[in-house]
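Structure at a glance
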Amino acid sequence: MDKNYKFWFCAGSQDLYGDAVLEHVAAHTKEMAEKLNASGNLPFEVVWKPTLLTNEHIRKTFNEANTDETCAGVIVWCHTFSPAKSWIIGLRELNKPLLHFHTQYNEEIPYDEIDMDFMNENQAAHGDREWGHIVTRMGIERKVIAGYWADPEVQKRIGSWQRTAVGIVESSHIRVMRVADNMRNVAVTEGDKVEAQIKFGWEVDTYPVNEIAEAVSAVSQADINALVDEYYSKYEILLEGRDEKEFREHVAVQAGIEIGFERFLKEKNYHAIVTHFGDLGSLKQLPGLAIQRLMEKGYGFGAEGDWKVAAMVRLMKIMSTGIKDAKGTSMLEDYTYNLKAGDRGILQSHMLEVCPSIADGPISIKCQPLSMGDREDPARLVFTSKVGTGIATSLVDLGHRFRLIINVVDCKKTAKPMPKLPTATNYWEPRPNLYTGAEAWIYAGGAHHTAFTYDLSVEQMTDWADAMGIEAVVIDENTDIRSFRNELRWNEASFR
Ligand code: MN
């Protein structure tokens, strides 16, 4: 993401009220925009726009929003009554994310002074109902947030929606490079790439693995040495009995892959990548440490050709960009269970490729054989992950449509360290509990690969899915299996 996105703040009114009222409307809305920007609760700036009064003006403003590449969304509220038929043409043409901010300039009724003039000037309670009606009638996807504009909690909800809006706008810029096909015979990593481009805007292209391998072999020894030095200064080295020189050579292979892959991705303007351990061409190792570092830099990744996960990881990294004290976003895979009562959970890992952004504490480099494939022992970063709540998401292709499954999970530490496990891990219990969470996930058709983050909410991801026009189902503390299965049945009818 290289744009400094902005959001247009537009109040609706009409010209029946006279100049004095319209001057107040403009002054109030300007003050609100300024204070929202000064609050520190919005990750992106709001830009005040002149009050929208007429059909022509609304249409013109919305078309300007459409063509302004830095505009990631339009925020509308009606300070007064604004007859909604004057919005129809503009709304029909608007193609930016839309927030209906249902608010009011004053917090409290001014009991001693209130008269009919005040009532006419401050009537969002009914003006916004008129406006909401037409948006609903037109079937336009939008977010509605109600609340007092100066309340920090309300401001934070606007800020949270801004991240979703940026995800909606940026989704159509996501380009995934496949350097291998999906793993043979695997179902859940497959999907309709044409439909994904229609629905999400994702461009998913394949390159022969040896084309990117050539970019790796073109990396100079000096560049590789410099990056290996950086690794050695940044991470702990766990030789575990291996020869120091041989170990360093293995690490250097990953440094070459990191540099070569990144150059290739940048040159061709891709933001996400998939690999496959069974299709490595002339690469000496499965990209491990290299992919982990690229994910940390913001690239999406999916293993075994899983381009849907690669795009989702990229999307979620975009949506969480710049969050203060972010805890991280990664591809993960459900590996093995702890079924012991009192500490149930799913051990999350992958062969190698877990993003160090989710790491807690020191990160080490290990070299170990892969138990699959035919290449030399790859170097990888090993760590455990942060404690806290996150969401695991799985986008599946059901044949005639996509479904996004979102599970709230509580990440914790395993009861004991696992010294013989040469991979990075996370460990979580899905809500509402392991048994019900796993049952719901399986009924929904969720995959074993997930795009996981600590930094986004269920609301943000369901709003994104709504904007994409796809089904989203949530597994959380409120999930019970009978209702969940009924929801899946009803959705089957609704999303046909
Ligand atoms: Mn896998």
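Everything below is about the structure shown above.
For the structure given in this document, a descriptive report is provided here. Keep in mind the model is a prediction, meaning the values are calculated, not measured.

Let us now look at the overall build of the protein. Counting its secondary structure elements, the protein contains 15 helices and 19 strands. Reported as C-alpha extents along the three principal axes, the dimensions of the protein are approximately 85 × 50 × 40 Å. By the burial criterion, 53% of the 496 residues in the protein qualify as buried. The long-range fraction of contacts in the protein, counting pairs at least 24 apart against all pairs at least 6 apart in sequence, stands at 78%.

Take unusual backbone geometry next. With glycine set apart, most residues show a phi of negative sign, and most peptide bonds adopt trans. In the segment running from R431 into P432, the intervening peptide bond is cis, with an omega of 5°. Mapped onto the elements of the fold, P432 is located in the loop between β17 (426–430) and α13 (434–444). The residue N269 is not glycine, and still its phi comes out positive at about 60°. Here N269 shows up in the loop between α10 (244–268) and β9 (272–274). Take N269: its relative accessible area is 43%, and that puts it in the partly exposed class. Unlike most non-glycine residues, D325 shows phi in positive territory, near 60°. By the element assignment, D325 lies in the loop between α12 (307–319) and β11 (329–338).

Turning our attention to the packing of α13 against helix α15 (residues 481–494). In helix packing, the relevant descriptors are the interaxial angle and the interaxial distance, both defined with respect to the helix axes. At a minimum axis distance of 10 Å, the contact between α13 and α15 shows a crossing angle of 15°. On the basis of the axis angle, α13 is roughly parallel to α15. For the pair α13 and α15, the sense of crossing is right-handed. Two secondary-structure elements touch here, α13 through T436, E439, A440, Y443 and A444 and α15 through I481, F484, R485 and L488. Looking at the contact of α13 with α15, its residues break down into 6 nonpolar, 1 polar and 2 charged.

What follows covers the coordination of the manganese ion. Within the protein, E304 (OE), E333 (OE), H350 (NE2) and H449 (NE2) serve as the donor atoms for the manganese ion, at 2.1 to 2.6 Å. Read from N- to C-terminus, the donor residues coordinating the manganese ion fall into the pattern E-x28-E-x16-H-x98-H. Here E304 is found in the loop between β10 (300–302) and α12, whereas its partner E333 is found in strand β11, with 29 residues between them in sequence.

With that settled, the discussion passes to helix α1 (residues 19–38). Across its 20 residues, α1 extends 28 Å between first and last C-alpha, which sits within 8% of the 28 Å expected from 1.5 Å per residue. Those residues of α1 not exposed but buried are V21, L22, V25, A26, H28, T29, M32, A33 and L36. One side of α1 holds all its buried residues, which, seen down the axis, span an arc of 165°. Across from the buried face of α1, at angles greater than 90 degrees, the exposed residues are D19, E23, E34 and A38. Where α1 is buried, its residues touch β1 (6–12), β2 (45–48), β3 (71–78), α4 (116–121) and α6 (152–171). Among the residues trailing α1, G40 stands out with phi positive, at a value near 80°.

So, about a nonpolar patch on the surface. Where nonpolar side chains cluster on the molecular surface, the patch consists of I109, Y111, I114, M116 and M119 and spans about 520 Å² of accessible area. By the element assignment, I114 lies in the loop between β4 (98–102) and α4.

This part is about the pattern of salt bridges. Counting across every chain of the model gives 33 salt bridges. Across the salt bridge formed by R59 and E93, the nearest N and O atoms sit 2.8 Å from each other. In this pair, R59 is assigned in helix α2 (residues 55–67) and E93 in helix α3 (residues 88–93), connecting sequence segments 34 residues apart. Accessibility expressed as a relative area gives 23% for E93, which makes it partly exposed. Through salt bridges that share partners, E230, E258, E262, K266, R293 and K297 make up one connected network.

Turning next to the sheet that holds β1. Spatially, β2-β1-β3-β4-β5 is the arrangement adopted by the 5 strands of the open sheet, whose pairing is parallel. The open sheet has two edge strands, β2 and β5 (143–146), and neither has a second partner. Ignoring which end each strand starts from, the neighbouring axes of this sheet average 30° apart. Note: β4 against β5, 4 bridges, orientation parallel. Within β5, the residue paired with H102 across the bridge is A146. Running over the sheet, helix α5 (residues 124–137) touches β3 and β4 and is turned about 155° from β4.

Core analysis: the largest hydrophobic core is formed by 88 residues, its most contacted members being W202, M312, M461 and W464. Per-element accounting of this core gives the leading share, 10 residues, to α12. Core analysis: the next-biggest nonpolar cluster, separate from the first, contains 32 residues, V219, A255, I259 and F452 among them.

This next bit is on the side chain of D306. As for its position among the elements, D306 is in the loop between β10 and α12. Salt bridges are absent for the buried D306, whose nearest opposite-charge side chain, K308, sits at 4.5 Å. Dropping the residues within four chain positions of it, D306 is found in contact with T189, V274 and H449.

On to the packing of aromatic side chains. Applying the stated criterion across every chain, the model contains 15 aromatic pairs. A centroid spacing of 6.4 Å and a plane angle of 10° characterise the contact between W202 and W464, whose relative ring orientation is stacked. Separated by 262 residues along the polypeptide, W202 in the loop between α7 (193–200) and β7 (203–206) and W464 in helix α14 (residues 458–468) bring together distant segments of the chain. For W202, a relative accessible area of 0% corresponds to the buried category.

This part is about the layout of surface pockets. Take a probe with the size of a water molecule and roll it over the atoms, and the empty space left behind shows itself. The space that makes up the largest pocket amounts to roughly 660 Å³. What lines the largest pocket is a set of 31 residues, among which N95, K96, P97, I168 and A467 lie closest to the centre. Put simply, the parts of the chain that give the lining of the largest pocket at least two residues each are β5, α6, α7 and α14.

Criteria and thresholds
- As a convention, each chain's residues are numbered from 1 in the sequence order in which they are written.
- Note on the predicted model: pLDDT of at least 70 is required for a residue's local features to be given, and 80 or more for side-chain atom pairs to be given and counted; whole-chain, interface and lining totals, by contrast, use all residues.
- By convention in this description, side-chain values take in all heavy atoms of the structure and omit both hydrogens and water.
- Put simply, DSSP marks the helices as runs of H or I at least four residues long and the strands as runs of E at least two long, and each gets a number from the N terminus on.
- Only protein chains enter the accessibility calculation, which uses a 1.4 Å probe; a residue is then buried when its area is under 20% of its type maximum, exposed when over 50%, and partly exposed in between.
- In what follows, residue pairs with any heavy atoms lying within 4.5 Å of each other are defined as contacts.
- Here, axes are lines fitted to C-alpha atoms. For helices the fit covers the stretch in contact, and angles between N-to-C directions go from 0 to 180 degrees.
- If an angle is under 35 degrees, it is roughly parallel; if it is over 145, roughly antiparallel; if it lies from 65 to 115, roughly perpendicular; otherwise it is oblique.
- Put simply, a crossing is left-handed when the front helix is turned counterclockwise from the back one by less than a right angle, and right-handed when it is turned clockwise.
- Amino acids outside the nonpolar list (Ala, Val, Leu, Ile, Met, Phe, Trp, Tyr, Cys, Pro) and the charged list (Asp, Glu, Lys, Arg) are all regarded as polar, and Gly is one of them.
- Metal-coordinating donors are taken as N, O and S atoms lying within 2.8 Å of the metal, or within 3.2 Å when the metal is Na, K or Ca; because water is left out, some sites can appear incomplete.
- Helix span is expected to be 1.5 Å times the residue number reduced by one.
- Directions are taken from the helix axis to each C-beta atom, and the arc is the one they span.
- In this analysis, a patch consists of residues with relative accessible area above 30% that form no salt bridge, clustered at 9 Å for like charges and at 5 Å for the nonpolar side chains Val, Leu, Ile, Met, Phe, Trp and Tyr.
- The accessible surface values rely on the Shrake-Rupley method and a 1.4 Å probe; as for residues, cover is taken only from the protein chains in view.
- Within this document, salt bridges are pairs made up of a side-chain nitrogen of Lys or Arg and a carboxyl oxygen of Asp or Glu, the two lying within 4 Å of each other.
- Each pair of strands is called paired provided DSSP finds at least two bridges between the two strands.
- Here, the term nonpolar core denotes a set of buried Ala, Val, Leu, Ile, Met, Phe, Trp, Tyr and Cys residues that are joined through side-chain atoms within 4.5 Å.
- His is not counted, nor are the chain ends; Lys and Arg add positive charge and Asp and Glu add negative charge.
- Ring geometry is summarised as follows: Phe, Tyr and Trp rings, the Trp one being its six-membered ring, pair when their centres sit within 6.5 Å, and such pairs are stacked at plane angles under 30 degrees, edge-to-face over 60 and tilted between the two.
- Residues are called lining when one of their atoms sits within 4 Å of a cavity or pocket point, these points coming from a 1 Å grid over the protein atoms alone, where a cavity is a set in which a 1.4 Å probe fits but cannot get out and a pocket is an open set with protein on both sides within 12 Å along at least five of seven lines.
- Grid points are joined across faces, edges and corners, and a volume is the space filled by probe spheres set on the points.

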